[in-house]
Each structure stands twice: as C-alpha cells, then as structure tokens.
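# Fold and geometry: a report
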Protein chains: 2
Amino acid sequence: MATAALTPNGVLTESSLTGRVASVYSDVQNSRLRHSLPLPSVIQSPFNVIDGPPSSAAGNPEEIAKLFPCVYGQPSVKLVPEASNGLASGQILKIGVVLSGGQAPGGHNVISGIFDYLQDRCKGSIMYGFRGGPAGVMKGKYVILTPEFIYPYRNQGGFDMICSGRDKIETPEQFKQAAETALKLDLDGLVVIGGDDSNTNACLLAENFRSKNLKTRVIGCPKTIDGDLKSKEVPTSFGFDTACKIYAEMIGNVMVDARSTGKYYHFVRLMGRSASHITLECALQTHPNITLIGEEVAAQKQTLKNVTDYIVDVICKRSVLGYNYGVILIPEGLIDFIPEVQRLIAELNEILAHDVVDEAGVWKKKLTPQCLDLFELLPPAIQEQLLLERDPHGNVQVAKIETEKMLIQMVETELQQRKQAGAYNGEFQGKSHFFGYEGRCGLPSNFDATYCYALGYGAGALLHSGKTGLISSVGNLAAPVEEWTVGGTALTSLMDVERRHGKFKPVIKKAMVELEGAPFKHFASLREEWAINNRYLNPGPIQFVGPTADKVNHTLLLELGAEA
Amino acid sequence: MATAALTPNGVLTESSLTGRVASVYSDVQNSRLRHSLPLPSVIQSPFNVIDGPPSSAAGNPEEIAKLFPCVYGQPSVKLVPEASNGLASGQILKIGVVLSGGQAPGGHNVISGIFDYLQDRCKGSIMYGFRGGPAGVMKGKYVILTPEFIYPYRNQGGFDMICSGRDKIETPEQFKQAAETALKLDLDGLVVIGGDDSNTNACLLAENFRSKNLKTRVIGCPKTIDGDLKSKEVPTSFGFDTACKIYAEMIGNVMVDARSTGKYYHFVRLMGRSASHITLECALQTHPNITLIGEEVAAQKQTLKNVTDYIVDVICKRSVLGYNYGVILIPEGLIDFIPEVQRLIAELNEILAHDVVDEAGVWKKKLTPQCLDLFELLPPAIQEQLLLERDPHGNVQVAKIETEKMLIQMVETELQQRKQAGAYNGEFQGKSHFFGYEGRCGLPSNFDATYCYALGYGAGALLHSGKTGLISSVGNLAAPVEEWTVGGTALTSLMDVERRHGKFKPVIKKAMVELEGAPFKHFASLREEWAINNRYLNPGPIQFVGPTADKVNHTLLLELGAEA
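Predicted model, so just to flag it, every value in this text is computed and none were measured.

Of the residues lining the interface, 55 residues belong to chain A; the matching set on chain B comes to 55 residues. Carbon and sulfur atoms make up 52% of the surface buried where chain A meets chain B, a total of about 4600 Å² over both sides. Considering only the surface of chain A that becomes buried against chain B, A:Arg259, A:Tyr437 and A:Glu438 emerge as the three largest contributors, covering 14% of it. Along the contact surface separating chain A from chain B lie eight salt bridges. The closest approach of N and O atoms between B:Glu402 and A:Lys405, which form a salt bridge, is 3.2 Å. There are 26 residue pairs in polar contact (both at pLDDT 80 or more) connecting chain A and chain B. Residue assignment for the side of chain A that touches chain B shows that the elements contributing at least two residues are α2 (27-33), α10 (240-261), β11 (430-435) and α18 (437-440) of chain A. Sort the elements by how many residues they give to the side of chain A that touches chain B and α10(A) lands first, with ten residues.

Right, here's the structure in full:
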C-alpha cells in the first residue's frame, strides 16, 4: 500500500549524495526495489496509542530518575485498534532522522517507514535526513527527503542514503547545537536509529529538549548486527537477521569445502565484539565442529590454554575417526572474555604508556610472572600486534588482533606436543577467515526489510502521538506480520548506571548471550554431536522469494519460545 | 523428467562416506534437491552422434600426433536429432567417474547427469564413483552409485559425494594400475571431471587404454572455477558462474559498506591464480573503482611500482572529489604476472637453495642490483613471506603471499610521500579481504546446475556411442536450454606441447584473459568511469527462483556475442 503510492512511476532520479542510480541497479537490487512491504494490521487501520503503567529502570532507578527528571517513569505505549483514529488528523509535522554508528541491513527501510507514515497519515509533512550521523544534527547538515530521493534506497543495504557517524551529542555545548538545529528547522520530532549507546544518547536528547521546553520529541530505533540491544519489549535489533544469514552462507560453503577437501581446519572469526550472538546464531544455522562463545569462556574463567586444549581435544578425537578437517567459529571479541588476557593487556597498556619496548626484552621484567608466562605463550606475530597496534588513547586495539590466526598457531604447537607424546597422529592445516564487512551492508532479508519498515512506521506514529524518550518497539515477531504488535518502550526503563570518573553515567546494558537462555541451551545440547559427527548445514544464499524467504533467525525464534 | 524418476520417494538415506543427510538439510538445500533440471532438446529425443571432420591440434600437431598415435586426429562429434535412436538400445554399460583437482560448484550434477543418462537409455548399467580422485582409479577405491546414494547430492555444492584428489595418472606403473582397475571392473568407460591438466591426463589415459586394446573409453568434462579451460567448442568450465556470483555478492556488499562508511579502501584478492577471469567477471558484475588484470600487467611489462602508482593515482583523484573510500579487485596470481617479481623470486629460490639467510643481510649481496632494489621496496612482512614460505621443492609459495596486504602497505608509503610533496591531502585506511574457499563449494547457480547436468548426460551419450578421448561439450549457451548443443570435442584438438626436461609434454593451454576479447574490452571501456564516479552494483545473493535466477555471467555472454 504505502510503498506503491510513493514509487515515482518510471522517474528514477540519482541521489546527489552518493551516486545511487536505480536505473543501473543489478537485477536483484531492482527486484528488491519493487518488493512491497506488509505492515502489522494495527497500524494499517485506525488506532490509538495507549499508555501502560509507569515504568522503572533496569537498575538503580533512583539514579536514573535523577539523570532523567523530565522523562523518567513515563509509561511504555502500545498501539491498539480503535473505531476511529485517536490521533489528530490533518496534522503537518517536521521530522528529522539520523543514523548513528555502524551499518546494519535495513536502516534505509526504517527511514522509508517513517516517511511513508507521514505521507499516509500526516500529508504535507516535511522530513529531514541529517547527514553523517549525530554530527549532522549538531552542524545542521541535512537533506530534505522526497519520494524521488528515497525511492532508490528501498529494501537496499547500507546507510548511504544519509550516511552515519560515530559522534555523540553529550556535552552542554553539543546539546546546545542540537537544540539550535531543532529550533531552526522547527522540528516536531527526531528519530535516532542506533545501538545501545546511540539510544542512551537519544534519551539524553529527549530529556534535554524537554527540559528546555522544546517541542522536539526524540524516538529511538534498535539497530545493530551484533544483536546485543534487546529486551523483553524490544525482541531484536535490526540487521542481525541479515548479517547472520550472510555469514552463515559463507560458513556453510566453507564447511562443504572442508568436507570435500578433507584436509583443512577453517578458523572463522565473526564480527560482533561485545557479545557472541552472531557466532551463536551462525552455529545454530550451520552446525560447526567447534564454536567458542565468549560469555561461556568468561563464566568459566577459561585461560587461553583451556580454549586451545578444548579445540585440540576435538581435533584429536576427530582424527581418530579419520576426519582431519573441520570448521571452528570464533567471536571477534573472544580475547576480551579471557580474564588472563585482559590482565595482560592492562599491564601492557601501563608499561607501554611509560616505557620503551627494548629489543632485548628488558621491559618484560615489568610484567607480573603470570602475565609474562602468558605473553611468552603467544605466537610472535600476536606478541607484535599486542605491542604495536595502539589506539589514540594508547590502548591495545583488541579488535585488530587476528584471534583466528593466533589460535591456529597455538593449536599447531599443542598438536606437535601431543604428536611427540604419541597422543595424536593426524595432519593439521589451518585456514583463517574473518567475516565482517561482508555482512553489514547486504540487501536486507525479508524479515529485516519488513521489521525495519514497521519500526519506522511505528516511530512515525509515536511522534504523531506526541511521545518522546521511547524506543520504537515491534513485537510478537514469531507470528505473521499482520499480528505483530507496535508500540514504544520508555528508554529509561532499559537503563542502569555505570560509575565513570566518579560520576554516574546512564547506560543501556548490552544484552549478552545468556547461558541459561534457550538459544545457548539448544546449542549446548547439540554441540558434542556436531563436534564429532559432521552435521554441517549449508543455509545457502538468502532467498527473497519462495518458501524459504520469510524464515526468521533461530535466536529470535528460540527466545520467543517458537520452533526454530 | 530424469530427475523425478530417480527421487526415492521419502527414502532419504545417509551417505556413509561423508555424513550427508538430506533429512536434516537446510531449507534452501532441500528446495535445491527438489529443483528439476531441464535438458537440451536434442538429448531428450532420439538422436544420433555425428562425426565432424578430422581434427588437428592447437599447436605442434606433429608432436601431438606422435604423443597420441591412437586418438590423434579423430573428429569432434555432435548430437543431432534422428527419427529413431542411432545408438544401440538395451546396452548395459559399466561406467566409472572420477573428480580431479579443486572443487567447483556443479560437480555432483555432472555425476547425476551421467547416472541419469544410463538409467534412461542403458537400463541396468552400473556406475562406479572412484573415491578421492585419480588415486581412487589407481587403487581401485570406489563406491557403487545408486539412486539413494546420489540423491542427497543433487544440485548441491562440493565434491564430497566421492571426493577429489590431485594425483595424476602419468607413469607407466600408474597407467598399469589404472588399466588393472578398468579390467577388474570390466569398465566400458570412465569420465574424468577436471581442469586443463586433468583433461590432458584423461586423454593420455584414453590413448593408453586404446593402445592396450582395452575397451574402456575415457571422456573428460571441463571443470574449474578459474574459467581458464575453454575454447571455441567448450565455451566455459563449470563452477565459474557460481563462484563469481558468490564473490560478487560479497564485493557488492563491501562496496555499499565502503560508500556508507566513507573512509575505507577495501583491497579484495580473488581466487584464480593463473588467469584473471574471476577478477574480470567480478568487476563486470560490481563496477569497482580499480581492477587489476594480471594479463594486462604482464602485457605492459608493469613493475610493482607501476601497479602501485596506478592505484595511488586513482586514490588521489578520488580524494580531490571528496571520496576517501573505494574498492579494488586483485587477482590472486597478480605477482606471477609481474616480470620483475618473477625474476626476484627466481633469484631467491636459487639463493635459498644454497645459502643461509643471515640476519645481517649479507646474503642479499647475491641478488642482482635490480632485484635487490625491488626486495628493499617490499614491506617487511612480504620480505619475510618470500624468505620463509617454501613448498617441498624449495620454491616460494606465491599463492600464500598476501598480495592485498602488500599493496596496502605500498600504497600507504606512496601516499605518504605524495602528502609530503603536497600532492595528496586525503585520509587512507586499507582493509584487506581474500575471497576464495567461500566460492568453490557453494550451491550451484541454476546455470551451473543445468550446464553440469547436460555435460554429464552428454558424457553418457558419448560413452554409449563408443567415443573416447573427447571432452563433453555443451554449446549455444546464450540460447534457452532446449536449444543448447551437445557433443564431444577431441581432446587432442585442444593441445599443444611444452618442452620440459628436454621432452615434449602435451598440454591444454590455459585460456588467459584476452586483451582483445569482448569481456576485457567492455571492462576497459568503462573502468575510468568506475574509477572516479561510484557506479557500484550490488548483485546480491544468488537467487534460485524468480526472474533473476537464470541469468548467466557477463564473461560468457560477451564471449558469445550476446548482451551481458
């Protein structure tokens, strides 16, 4: 419905920003442009926005209440069908939208959803796309979004319609700049599409605008391929579904290759630094021989040696069965979860801030014996990475460490020792992979395309009803789209505080892999079978039409108690 | 037709070899199992096999004639419709099949095609799958192929139905072993599925069997994702279509990421060591800013500095326009095409065979001044790779050199110099990727699935008609499948000789990227536009149903004179 009305018939214009030209799209891109998006029933008919009970916070409600005096405690809301629309008709709104943080498939559809809501329900409204992330809000850098401008981005991956950025709006000066933009453009609302930090920021902005008696409302949208922004009310962040499916396609292919060649162990590092959701979901989709889950490694206080031994044990068992090949999934953030590595990195940061790393290695004497042992255990290339790669604050850039290569070398060393001890008789060849950038900007899966469109359409409704400080929430996702619920969750209800530099800072806690949650337990019940036998699944490329096109990822279904 | 007849209704058995269990396949794998394959019309109805004129060789026909006294000069053949079948009916054949060399999507369908031909036309025939490549033929290691055994592999990627190997059958002792297997199993025919070397080998085997008056005929099939086994009669090798589409999906995603982020140059190395067909095809599918084609680098006798300057020039031009991002495609074999690098590697091989590489670098004095200059120009990590990674023959393993990382470092250095000279004012961050194993075992595209099935079905017909020393040839591929031609090309007609150790050895010359060919010229006419403007295409994941599912790769269409 909404989509068709906005398709400029045959008039495909070029975006001046980034050079998207729908008329030279690939066949699949074009077919996606024409893909129409279903909406939840509740939002297609007359509806009203109903408040729930007053909300609290995820932790330390007193501190959160102090940090958000204007918006704390406000209820979450739900859209419900009404005989006649509960919202003012004929209203004309001025709405801004901004993308914040890393790319995730579906961001363009959130924008399309907001836009279409305004076209459908608030005819004559104006929509501004702030360019390059929050900095665009502060600097007043924007583009006016029109049907022609938006059209080439429908159901397309990337964030390039208005681009994103990693700036934050957090100092008084920055809040002032944002307020100036809001006033200048006479903004009724702003939608912030981002992850946990960006949504915390959105709430601070909502608070700030309200404290200044600005009319500009702020609504957040849950974005991150990492899947670590979720709660009871916000069942998943967009982009996770598509990214995992893209990685799983590649992993599945590598598995078939491993089995066909019969001589390689593929060590696959997967994006997702803070939490291991992507790795867990990819494991559920493909059934690898070994999967490392950072949260489990941390909970069991495993050492690097423990992790290596776990891998080597499986390799030895498989070798006895004649399988000298396999596939191992590793979360990007693995070493962040290993306590002894964290200690080593902390000591290295300290030493390198004050001392020169001499070639003779005298500096090593400053390491504690435990950390020195660990350092000496590491392959030379990793030692070098730990010493060389520093961020502007002088810290080791953990994300740049090629954990998959490190593990290959440590496994090689351990296998040699077992061979000498007569405990292993196979051949080992490791191949390393990192799947990351390939998944952040793929064409959104049908689920992400539809989910994002509903998130955006719902955000429009929240702004239309005058809400602020909420995150757009679409639920009941295991049911058909028509039955999805639409509403908004009080951002403060997702928050806790962390003490930094002696001050309380509000945070939306990252949702980590729950070791007692359904996805991990399902995985844990099967992994021994996967380790020894070859139960590889090849999910294949994402299909946009046909019987497999609308399937949702396992993590979400298992968390919702549905059959995955 | 043929497919349906062989589907065991509901009886999905597990392959004892590798653990494939169709009953736990992914949704897409299952949908591919059910995908029925069209056949060219000529092979669906009564046909006859018609000889063409006597054949010659691609070069040095006298030498080829001496090397293949029994099979040289025999005609290529074509299937033509006949009122009644020209081939003996009621014949029962014993046919073996072997996979040789690296994986390519579609291999399982070649086997299915042969199998179905025998079921359809030579009821009661027996088919043997030799396990683990040519070694399986020599050692008599095989499995009897049944409908239940084959079923789970239909339209699936990988070679794991019978697995492959890289052994060759070339010494008198090895030919004797192969002949013993042929005699023991009373083989009427053997189909060798492989690349240029394997098909040369197949022809030697055909010659050897005929010279021994064995009844066993040998037919080849053109396999390689690299796309370098092709000729007028063999328009493409299978697997190329699928592999390129998988790589192009990833490249397209990385492009959208580059444009969205606006700060990374992605250096993407692509599999395909000898020829740059994969890189060229991926460029045609995605429109990267820079594409290096090895054959052009070689033809222009470019140095590593030339290549670096070419990249840096484009980066500088783009920076002026505000684009500090981009995507660069690099063929895996690039440095093999650079004459000065070849010379350096030759000198290093020589030095390392006899001398110790001392830390002080005294060994470097043995390099010629030119090679020393080049060596000193290389980043330390690459210098190390050149000195450390040797194959069992003491040679540098060129394929292991991370060319993409080398180029990033060389580009960084050159950009720094230009910055100091005031000729560049941008920011550069390189990200490296290698796409290889992900593409060799993907689910075959509709084209590869159908093409392979026809190659196999045709190979069955060739054996049924008593032919040997031919390569299965399916043509007219730009037309609908019904109009495809089916036949066999004399393998000797594709051959030339190379002199090795004072002896002539027959070779099927690898088909390199032709700088005067339609695909390269098309690319060359567009690349300047792609370099400066952002004409990125995102081909998206391979679709198996819908309007885009049957599209063929650009290289093949352009070579056939069709619209790509």
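We now examine the packing of helix α5 (residues 107-121) of chain B against helix α19 (residues 446-464) of chain B. All names here are of chain B. For the pair α5 and α19, the least separation of the axes is 7 Å and the interaxial angle reads 45°. It follows that α5 is oblique to α19 by the angle criterion. α5 and α19 meet at a crossing whose hand is right-handed. Contacts from Asn109, Val110, Ser112, Gly113, Ile114, Asp116, Tyr117, Asp120 and Arg121 in α5 reach Ala449, Cys452, Tyr453, Gly456, Tyr457, Ala459, Gly460, Ala461 and His464 in α19. Its residues assigned to classes, the contact of α5 with α19 shows nine nonpolar, six polar and three charged.

Right, let's talk about the UniProt feature "active site" (unreviewed entry) in chain A for a bit. All names here are of chain A. This chain's UniProt record puts "active site" (unreviewed entry) on Asp226. Structurally, Asp226 can be placed in the loop between β7 (217-222) and α10. On the basis of relative accessible area, Asp226 is assigned to the buried category, the value being 17%. Excluding its chain neighbours within four sequence positions, the residues that come into contact with Asp226 are Phe240, Gly272, Arg273, His277 and Ile278.

Rotating chain A by 180° and moving it 0.0 Å along the rotation axis overlays it on chain B with an RMSD of 0.0 Å. The transformation relating the two chain copies, once decomposed into turn and shift, fits a two-fold axis. By residue overlap, the copies meet face to face through one surface: 100% of the interface positions of chain A are interface positions in chain B.

Another point: the UniProt feature "site: Important for catalytic activity" (unreviewed entry) in chain A. All names here are of chain A. Sites flagged by UniProt as "site: Important for catalytic activity" (unreviewed entry) map to Lys223. Mapping Lys223 onto the fold places it in the loop between β7 and α10. You can call Lys223 buried: its relative accessible area is 4%. For Lys223, the contacting residues outside a window of four places in its chain are Ser100, Gly101, Gly102, Ala104, Phe159, Ile193, Gly194, Gly195, Leu229, Ser237 and Phe238. Within the structure, Lys223 has its side chain in polar contact with the backbone oxygen of Gly102 (distance 2.8 Å).

Quick look at the pairing of strand β16 (residues 503-508) of chain B now. Residue and element names in this part refer to chain B. Relative to β16, strand β15 (residues 495-500) runs antiparallel, the two sharing six bridges. Bridging across to β16, Val497 finds its partner in Pro506. Between β15 and β16, which follow one another and run antiparallel, lie two residues, and His501 among them has a positive phi close to 50°.

The α-helix advances 3.6 residues per turn, and as a result positions three or four apart in sequence lie on the same side. Under the 1.5 Å per step criterion, the end-to-end length of helix α17 (residues 403-420) of chain A is 26 Å for 18 residues, consistent within 8% with the ideal 26 Å. Along its buried surface, α17(A) packs onto β8 (265-270), α13 (304-320), β10 (326-331), α15 (369-377), α16 (380-388) and β11 of chain A.

All names here are of chain B. Here Arg527 is to be found in helix α20 (residues 518-532). At 2.7 Å, the side chain of Arg527 and the side chain of Glu296 are in polar contact. Leave out the neighbours within four places in its chain, and Arg527 touches Asn289, Glu296, Tyr310 and Phe520.

Moving on: the nonpolar core. The nonpolar side chains of a soluble globular protein tend to be buried, and buried together. In this structure, A:Leu145 and B:Leu145 are the most contacted members of the largest nonpolar core, which totals 219 residues. If sequence neighbours within four positions are ignored, A:Leu145 has contacts with A:Val97, A:Ile111, A:Phe115, A:Met127, A:Tyr128, A:Gly129, A:Ile150, A:Met161 and A:Ile162.

Residues and elements named next belong to chain A. Positive phi is not limited to glycine here, since Lys301 has a value of about 50°. Along the chain, Lys301 falls in the loop between α12 (294-299) and α13. Taking relative accessible area as the criterion, Lys301 reaches 64% and is therefore assigned exposed. Of note in the backbone geometry, Asn476 takes a positive phi value of approximately 55° without being a glycine. With respect to the helices and strands, the residue Asn476 is situated in the loop between β12 (470-475) and β13 (485-490).

Here we take up the sheet that holds strand β6 (residues 189-194) of chain A. Residue and element names in this part refer to chain A. If you trace the nine strands from one edge of the open sheet to the other, you get β1-β2-β13-β12-β7-β6-β3-β4-β5, paired in mixed fashion. Edge positions in the open sheet fall to β1 (47-51) and β5 (142-144), since each of these has one partner strand only. Averaged over all neighbouring strand pairs, the angle between strand axes comes to 30°, with direction disregarded. Inspection of the sheet shows β12 paired to β13 by six bridges, in the antiparallel sense. Bridging from a neighbouring strand, Val474 pairs with Val486 of β13. Helix α5 (residues 107-121) rests against β1, β3 (94-99), β4 (126-130), β6 and β7 of the sheet, and its axis sits at about 175° to β3. Sitting on the sheet, helix α19 (residues 446-464) is in contact with β1, β2 (77-81), β3, β6, β7, β12 and β13, with an inclination near 135° to β12.

As for its placement among the helices and strands, B:Ser45 is situated in the loop between α3 (41-44) and β1 (47-51). Expressed as a C-alpha distance, the spacing of B:Ser45 and B:Asp226, which sit 181 residues apart in the sequence, is 34 Å.

A few words now on the packing of aromatic side chains. Residues and elements named next belong to chain A. Counted under the stated rule, the structure contains 30 aromatic pairs over all chains. Ring geometry for Trp363 against Phe375: centres 5.4 Å apart, planes inclined by 85°, an arrangement best described as edge-to-face. Here Phe375 lies in helix α15 and Trp363 lies in the loop between α14 (339-354) and α15, a separation of twelve residues in the sequence. Side by side, Trp363 and Phe375 carry an identical accessibility label, which is buried. Among the aromatic side chains, those forming a connected cluster through ring pairs are Tyr117, Tyr453 and Tyr457. Positioned over the ring face of Phe434 is Arg269, at 4.1 Å from the centre of the ring. A cation over a ring is seen here: Arg499 above Phe504, with NZ or CZ 4.7 Å from the ring centre.

What counts, and where the lines are drawn
- Residues numbered from 1 in each chain as written.
- Chains lettered and ligands numbered in written order.
- Predicted model: local features only at pLDDT ≥ 70, side-chain atom pairs only at ≥ 80, totals over all residues.
- Heavy atoms only, no water.
- Contact = heavy atoms within 4.5 Å.
- Buried area = accessible area lost by both parts, 1.4 Å probe.
- Salt bridge = Lys/Arg side-chain N within 4 Å of Asp/Glu carboxyl O.
- Polar contact = N/O pair within 3.5 Å; in protein donor to acceptor, adjacent residues only side chain to side chain.
- Helix = DSSP H or I, 4+ residues; strand = E, 2+ residues; numbered from the N terminus.
- Axes fitted to C-alpha atoms, helices over the stretch in contact; angles between N-to-C directions.
- Parallel < 35°, antiparallel > 145°, perpendicular 65-115°, else oblique.
- Left-handed = near helix turned anticlockwise from the far one by under 90°.
- Nonpolar A, V, L, I, M, F, W, Y, C, P; charged D, E, K, R; others polar.
- UniProt positions renumbered as here; feature names shortened; annotations may be inferred.
- Buried < 20%, exposed > 50% of the residue type's maximum accessible area, 1.4 Å probe, protein only.
- Least-squares fit on C-alpha atoms with pLDDT ≥ 70 in both.
- Pairing = 2+ DSSP bridges.
- Expected span 1.5 Å × (residues − 1).
- Core = buried A, V, L, I, M, F, W, Y, C linked by side-chain atoms within 4.5 Å.
- Phe/Tyr/Trp six-rings, centres within 6.5 Å; stacked < 30°, edge-to-face > 60°.
- Lys NZ or Arg CZ within 6 Å of the ring centre and 35° of its normal.

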